[in-house]
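One-letter residues, chain by chain:
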Amino acid sequence: DDDEPVAVLVDGVVDAALSKNLGFSSDRKSWVGSIRDAPPDVLKVMGPLHASLPEVVKEESIPQRVSLGGGALCGLNAACAPDAVVVWVADDADALAVADAARANAPDRVESEAACVRAHVVHARRRAKGAQHARTVISTGAGANAAVRESFVGFTKLDRFSALTNARTTCSVGAGATLTHVLDGNEAEQAHIHHATAVCARDGAFQSRTLSDAGALSRVCVDCDVAGAGAFFDFSGVQLGGSDQNLDLRTALTHSSPDADSAQDIRNVAAENARLVFKGRIDVPQLGQRTNADQLCRSLVLDDGAA
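Residues numbered from 1 in each chain as written. Predicted model: local features only at pLDDT ≥ 70, side-chain atom pairs only at ≥ 80, totals over all residues. Heavy atoms only, no water.

Draft legend 1. Inspection of the pairing of strand β5 (residues 85-89) at higher detail. Buried residues dominate β5, accounting for five of its five residues. Burial along β5 is two-sided: the face carrying V85, V87 and V89 and the face carrying V86 and W88 are both buried. Pairing of strand β4 (residues 30-34) with β5, which is carried by five bridges, proceeds in the antiparallel orientation. The partner of G33 across the bridge, within β5, is V86. (Buried < 20%, exposed > 50% of the residue type's maximum accessible area, 1.4 Å probe, protein only. Helix = DSSP H or I, 4+ residues; strand = E, 2+ residues; numbered from the N terminus. Pairing = 2+ DSSP bridges.)

Written out as structure tokens, the structure is:
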């Protein structure tokens, strides 16, 4: 789509020359760009999200098998990230009203019919070695519909394990809103860590898709709080490993509200001497009555040396 915003960060900083269609959309219902350039009304919403560190606050309550220092890595990102991409989508009161009316008469889920706002965030590396701390903040207003894709690329061929990416994405899904977030791969032959967090308000839907296939060492953790009645977390993850890759995928899900659903589907394919890991946690506190949560992981091991 020629009108789709594309935000390109080079070594963690938004590059206006490589990006396109940044700023407000033609209808002023969305804004994409560097947090440094965000207008006051956008910054009012996105500033607290950008500054938040829920992983650190929740670290003691997350089992060690899932977190493994995730809070510290997010804190490092907060301290070192030189810039951040902001994707802000305004409330859509009309779409929310239509969806609420439909939900009153429908036994199944009713998703927002608002036009989908799409954005592509590209994290590019120019430095030959060292760490980059990529930062993305996404807010989908009540009744809105958005799809955000994040990609990681390198401008030059790097020596193996010469670079580290420590990325962090924070998402907020408003009442009756739908957010689709796609992580479509990581830098080849490098170490890649990515923590994505989301909070879903009532009747909101967070659809998360991840692909890990290129990194020599990779860990992706998706942490979602289904915080409103009728909210939905939908996760699909794929790991494709060969050679001596070590790929790790984790989910940490909390059903902190009653009458909410979640579904997780994970696929692993390991060849040669690759090591693939999936660890998932579903926490249903006492308030999370009438929760419906599904989690399925299927793995295919192609060679004797793989696991």
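Draft legend 2. Representation of the packing of aromatic side chains within the structure. If you walk through the whole model with that rule in mind, you get three aromatic pairs. With a centroid separation of 6.0 Å and 15° between ring planes, the pair formed by F206 and F233 is classed as stacked. Residue F206 is located in strand β13 (residues 205-212), and its partner F233 is located in strand β15 (residues 232-241); the two are separated by 27 residues in the primary sequence. Assessed through its relative accessible area of 0%, F233 is described here as buried. Geometrically, the ring pair formed by F233 and F235 is stacked, given 6.2 Å between the ring centres and 25° between the ring planes. F235 sits in the buried class, given a relative accessible area of 1%. A network of ring pairs unites the aromatic residues F206, F233 and F235 as a single cluster. Looking at R28, its charged tip hangs above the ring of F24, at a distance of 3.9 Å from the centre. (Phe/Tyr/Trp six-rings, centres within 6.5 Å; stacked < 30°, edge-to-face > 60°. Lys NZ or Arg CZ within 6 Å of the ring centre and 35° of its normal.)

Everything listed is a geometric property; what it means functionally is a separate question.
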